[in-house]
Amino acid sequence: MNGDSHADLLQPPSNIEPTVLERTASHYTPLPTYQLPKGEHRHYQQQYADMYFARLAQLKPAVEQIASEAWADFEIGGETASRKDRVLDVRQGELCWVAGTVYMEMPLKPNVLEDIGKEHWIAAPPPRVKYDTGVGLGGDSERGAHAGGGKGLAGAQIMLEDESGRLRLTGGYLSGGLLVTGAIVAVMGTENSDGDFEVLDLRVPDLPRQPPRWETEDGDAALQGKSVTKKRPSSGKVAIISGLGVSGVEGDTLLLDLLLEYLLGESTDPASQQQAASISRLIIAGNSLSHSSPIPSREELAAATKKGGRKTYGYDSASYNAAPTDHLDQWLATLLPSIPITLLPGEQDPTSTSLPQQPIHAAMFPHSRAYMNPPTAPEGPGWFDSTTNPAEFSADGWRFLGTGGQPVDDVYKYLPDCEERLEMMEAMLRWRLTAPTAPDTLWCYPFQDGDQFVMKECPHVFLVGNQPKFETTVVEGPLGQQVRVLAVPRFKETGELILLDCETLVPEIVRFEVLDEG
Amino acid sequence: MAQDYTEWLAINVLNEQQLVSYRSLSRALKVHSNLAKQMLYDFHRKQNAKKPGTLHATYLITGIKRTERPATNGTHSQRDGEHTVMQSSPLLPSSSALKPDEHDDEEPNAVQTVMLVKQESLELAKSKFESITGIHIYSLQAKGLGDIQSLTECNRKIAVDYDLEDPLEAWKQYGTIQNPNVKRRTQRRQLPPPPAPVAKAAVAKAKPPIPTAKPTTLKKEASKDSQEAKPTSNASAKATTEPAKKPPTNKRQSSDIFKSFAKGKPKAKTEQESQGSAGSTPKAAPDDEPIAGFSDEEDADEGDADIIEEAPQAVDGKSKKEREAELQAMMEQEDEVMEDAAGAELEHAEADVDEGAIDKPDLQAEEPKETVQFENGRRRGRRRVMKKKTVKDEDGYLVTKEEATWESFSEDEPAPKRIKVPPTTSMSKSTTTAAGKKGAKPGGSNIMSFFSKK
């Protein structure tokens, strides 16, 4: 029937004692970067504008440094570019450069006044895929905000903003690249007769400093006075998955079962089981449940009103179905005795809807709760770590930055013809912003003291969940930083699990399928 | 061993027509999963040799599928129809990885496939693979498998049937990958309490100023209660209660009502409750001196307790100190459980209800000792009664404290005594409630004491 090696299990039981496999250990240190203060210390009284100011203040030095290095010797027609402190200081005809926040005015962006008007419409508005119609002046080859010199009356406009004011940007240069509201950039050019700033060149803050491997653990050990171990055991692999989409509806959970058995090392042949034993941690990047978000989206609300049902603002407790969380909890509790799990919430998970989403509460997991840290006495990372979204942690020495996909999905909506999610992720890294479009179109917490979404240190692995397909690349920075960017596909649709080797940071895929023909 | 599995499989698959996966077999016979897979194969082969077509199997194939284009590593050099927005170089000058020409250098990511197929499609599936790492039987069933999704039934049954096994100990034999670093809290497994009592508790909380003729909650609460001993008893005294004590106060009072309602609560409640009390215990430092008073008071309240927990032997003449010591011991015991839930989802409502549950068992023990000697149209005996005592607090506040004292009674005046005294076991539930409520009053508001002795 088959060759010898893989037919081992297709034979009568032998008397050989099967070996018991042991899993590779996982070194894990979660970082509290995105934890919000609890209870009464979390205030919502502040304005969101403060976030923009804080972001600008944090990133302006970096971008100005890069810009001044780049444009110090720049000359056009004998004129060198001078630096302006404020956006409104630019003068007509003068070559200069200035740094500020990008703001994009887009016709299809969610607008609360329009929403109220639409409530009286009969038909629910279709969900927005992109905020830009992609129609502008200037011909078919260039579309959208970046087209026609940004004058697109039907399209969008790009502006540069800082504490002093706004400046409209134009120029063919803009059509070449990615810009979204909230990115901090430095532009060089001159003001033209219309009062618009014609852009000749543009710079971004680029990747921040990247800590060397094991820095978090070594730093902690040094602080505690312990000796810093030079020799670390070789790490295994990290399994990354996203979009489990447990819905409580039977009929689509077979893939989850296959995944479970594979990770536990019970299914497949001994060789694959050995491989599975080298997986030291499972990271679930969002959307473990489907439709469990407590707040209905704009589209759902519009649909509900249309049906003539009760319009429940917020949470309708009568319609709660415990089956999905129960199923998820059982699934996790079956895995936990063997493998530690890090769980990030996603858009459809039962936790806060604004970024940074807080960890899914232990109350949702009656069985898996035993593996979590007790709430009053957290001693080190929990075996089952329910963490924030976005989340920053150090696994096997590498710094991971993960999100459940909402920031990238939102950036996607800003770019009229770009389908390249890897590009967007790279751009986010170079802008040093985990969620650039927050708070404009992405709900977030009004940070007062500093924008938490600014990346202070460059991660080694940047993973984004709930993407349509698996993509990966390595992004390099000016100081030699290297970031492995991973777009994690939705498991429910693709059945793909990503295994990231922690020694080489090269990913591989394990795909689960059920052949259902005939 | 060889015979066991053949027999077991014959019974379950052929006779009972069940769906048996290698996992179900491994758990039933307590063998390693790989061994179970081999057993399944052997049985399948033998059975099919005897009577072909009686058994159907599903297989799990692991391997590398026939070349799929490694399309999934962001090669946008292949997107030629796309528009120049793709070029990131102008805006992201240091972008090196995304230049289209560099993509072809990246090696395709390794894709391993794990595929589940029915036996009819096995050959077809194998042809899709370029190289196969392993095949094994996933499950056996007597008839053909209609919906392959029904295989989830196997795992669900395992979860239900083997729920009581401790994974950390039992799963080693099944071949699950062991993890020596696993951290698990030792806590008695308990599921969240049903929502119904919570609703009731919420109602109860709406009537806070019910003076505590029946203060006590549980012995575990005793320490917490001790703090409230002084301020709690009256409405007037309440005014002096510090806000910090208010929530525990409310809890205690609501619990009094619940003691009457609560009946035969399961042990799970006890656990929840102990956690609830644990939460409040850190708030109030245990204070020894009024514990004595409270341990006595507990006994006075009695619902129609059906369960008798292992309450300490409460003898009539037992000294307060001894009882107090026992309470402390029991509290110590419960510590680990308390830690878990302390401060977490501490819901007052739940705690309230639970307090009621615990009280009854405790009181139950006390009750027999104090009730009537005989019933003969005339009840007599020693009984506990709440007497008020007004003392001056250190701050100069007048605090009225309720204390339980023994008194003897006889049935000459059954009705008024009923009203005044907290309910006894002999009464029905509704009466208990009514009497309980009324009994609750006298100690508290001065107005009601007007009605106490007629």
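Within each chain, residue numbers correspond to sequence positions counted from 1 in written order. Here chains are named by letter from A upward and ligands by number from 1 upward, in the order in which they appear as written. Predicted model: local features are reported for residues with pLDDT of at least 70 only, side-chain atom pairs are reported and counted for 80 or more only, and whole-chain, interface and lining totals are derived from all residues. The side-chain quantities take in all heavy atoms of the structure and omit both hydrogens and water.

As recorded in an unreviewed UniProt entry, chain B goes by DNA polymerase delta subunit 3 and comes from Friedmanniomyces endolithicus. UniProt positions are given in the numbering used here, feature names are shortened, and annotations may be inferred rather than shown by experiment. Within the UniProt record for chain B, the comment given under Subcellular location (unreviewed entry) is "Nucleus".

An unreviewed UniProt entry lists chain A under the name DNA-directed DNA polymerase, from Friedmanniomyces endolithicus.

**Here's the deal with the overall build of chain A**
Helices and strands together make up the secondary structure of chain A, namely 10 helices and 20 strands. Within chain A, the proportion of its 518 residues that are buried is 56%. Residues count as neighbours in contact if any of their non-hydrogen atoms are within 4.5 Å of one another. By sequence separation, contacts in chain A at least 24 residues apart represent 72% of the contacts at least 6 residues apart. Residue exposure ignores everything except the shown protein chains as possible cover, and the areas themselves are Shrake-Rupley values with a 1.4 Å probe. As presented, chain A carries roughly 20500 Å² of accessible surface, and 53% of it is formed by carbon and sulfur atoms. Put simply, DSSP marks the helices as runs of H or I at least four residues long and the strands as runs of E at least two long, and each gets a number from the N terminus on. Accessibility here uses a 1.4 Å probe with only protein chains present; expressed as a share of the type maximum, an area under 20% marks a residue as buried, one over 50% as exposed, and anything in between as partly exposed.

**Looking at the pattern of salt bridges**
Residue and element names in this part refer to chain A. What counts as a salt bridge is simple: a side-chain nitrogen of Lys or Arg found within 4 Å of a carboxyl oxygen of Asp or Glu. For the structure shown, the criterion picks out 27 salt bridges over all chains. The salt bridge partner of Arg 213 is Glu 503, with a shortest N-O separation of 3.6 Å. Within this pair, whereas Arg 213 is found in the loop between strand 9 (197–203) and helix 3 (215–223), its partner Glu 503 is found in the loop between strand 19 (496–501) and strand 20 (507–514), the two being separated by 290 residues in sequence. You can call Glu 503 partly exposed: its relative accessible area is 36%. Here the residues in one salt-bridge network are Arg 209, Glu 215, Glu 392, Arg 399 and Glu 457, joined through shared partners.

**Let's talk about the pairing of strand 10 (residues 237–241) of chain A**
All names here are of chain A. Along strand 10, 5 of the 5 residues are buried, which leaves the element largely enclosed by surrounding structure. Residues Lys 237, Ala 239 and Ile 241 point to one face of strand 10 and Val 238 and Ile 240 to the other, with burial holding for every one of them. Two strands pair when backbone bridges link them, and strand 10 and strand 11 (residues 279–285) are joined in this way by 5 bridges, in the parallel orientation. Note on strand 11: the bridge partner recorded for Ala 239 is Leu 282. Where strand 10 and strand 19 come together, 4 bridges link them in antiparallel fashion. Bridged to Ile 240 within strand 19 is Ile 498. A pair of strands counts as paired when DSSP detects no fewer than two bridges linking them.

**Here's the deal with the sheet that holds strand 15 (residues 398–403) of chain A**
Pairing between sheet strands relies on hydrogen bonds along the backbone, with the strands arranged either parallel or antiparallel. Residue and element names in this part refer to chain A. Strand order in the open sheet formed by 6 strands is 1-14-15-16-18-17, with mixed pairing between adjacent strands. Two strands in the sheet have a free side with no partner beyond their single neighbour: strand 1 (28–31) and strand 17 (471–476). For this sheet the average axis-to-axis angle between neighbouring strands, irrespective of direction, equals 20°. The sheet contact formed by strand 17 and strand 18 (residues 482–489) spans 6 bridges and is antiparallel. To define axes, lines are fitted to C-alpha atoms, for helices over the stretch in contact only, and angles between the resulting N-to-C directions are given on a 0 to 180 degree scale.

**A look at helix 2 (residues 22–29) of chain B**
Residue and element names in this part refer to chain B. The element helix 2 is largely enclosed, with a buried count of 6 among its 8 residues. Three or more residues of helix 2 are buried, namely Tyr 22, Arg 23, Ser 24, Leu 25, Ser 26 and Arg 27. At the exit of helix 2 stands Lys 30, carrying a positive phi of roughly 60°.

**Here's the deal with the packing of helix 2 of chain B against helix 3 (residues 33–50) of chain B**
Residue and element names in this part refer to chain B. At a minimum axis distance of 8 Å, the contact between helix 2 and helix 3 shows a crossing angle of 110°. The angle between the axes of helix 2 and helix 3 places the two elements in the roughly perpendicular class. In the crossing of helix 2 with helix 3, the sense of the turn from one axis to the other is right-handed. When helix 2 is examined against helix 3, the residues Tyr 22, Leu 25, Ser 26 and Leu 29 are found in contact with a partner set consisting of Ser 33, Ala 36, Lys 37, Met 39 and Leu 40. Each residue receives one of three labels: charged for Asp, Glu, Lys and Arg, nonpolar for Ala, Val, Leu, Ile, Met, Phe, Trp, Tyr, Cys and Pro, and polar for the others, Gly being one of them. Classifying every residue of the contact of helix 2 with helix 3 gives 6 nonpolar, 2 polar and 1 charged. Should an angle lie under 35 degrees it is considered roughly parallel, over 145 roughly antiparallel, and from 65 to 115 roughly perpendicular; all remaining angles are considered oblique. Crossing handedness follows the turn of the near helix against the far one: under a right angle anticlockwise gives a left-handed crossing, and clockwise gives a right-handed one.

**As for the environment of Gly 480 of chain A**
All names here are of chain A. Its location among the elements puts Gly 480 in the loop between strand 17 and strand 18. You can call Gly 480 exposed: its relative accessible area is 58%. For the pair formed by Gly 480 and Arg 209, sequence separation is 271 residues and the distance between their alpha carbons is 9.3 Å.

**Points about unusual backbone geometry**
Residues and elements named next belong to chain A. With an omega of 0°, the peptide bond running from Asn 389 to Pro 390 counts as cis. Relative to the assigned elements, Pro 390 resides in the loop between strand 13 (384–386) and strand 14 (391–395). In this model, Ala 438 is joined to Pro 439 through a cis peptide bond whose omega is -5°. The residue Pro 439 is located in the loop between helix 9 (421–431) and strand 16 (461–467) in this model.

**Examining the side chain of Gln 481 of chain A**
Residues and elements named next belong to chain A. Position of Gln 481 relative to the elements: it lies in the loop between strand 17 and strand 18. Classification of Gln 481 by relative accessible area gives buried; the value is 2%. What qualifies as a polar contact is a pair of N or O atoms within 3.5 Å, subject to a donor-acceptor requirement within protein and to the restriction that residues adjacent in sequence count only when both atoms come from side chains. A distance of 2.5 Å separates a polar atom in the side chain of Gln 481 from the backbone oxygen of Pro 208. A polar side-chain atom of Gln 481 sits 3.0 Å from the main-chain amide nitrogen of Leu 479. With residues near it in sequence (within four places) discarded, Gln 481 still touches Leu 207, Pro 208, Arg 209, Gln 210, Cys 458, Val 475 and Glu 476.

**Thoughts on the packing of aromatic side chains**
All names here are of chain A. Only Phe, Tyr and Trp rings take part, Trp by its six-membered ring, and two of them pair if their centres are within 6.5 Å. Stacked means planes under 30 degrees apart, edge-to-face means over 60, and tilted covers everything else. Under the defined criterion, the tally for this structure stands at 11 aromatic pairs over all chains. Here Phe 393 and Phe 400 contribute two aromatic rings whose centre-to-centre distance is 5.4 Å and whose plane-to-plane angle is 15°, an arrangement assigned as stacked. Neither residue differs from the other here; Phe 393 and Phe 400 are each classed as buried. Through a chain of ring-to-ring contacts, the aromatic side chains of Tyr 34, Tyr 44, Tyr 445, Phe 447 and Phe 453 assemble into a single cluster.

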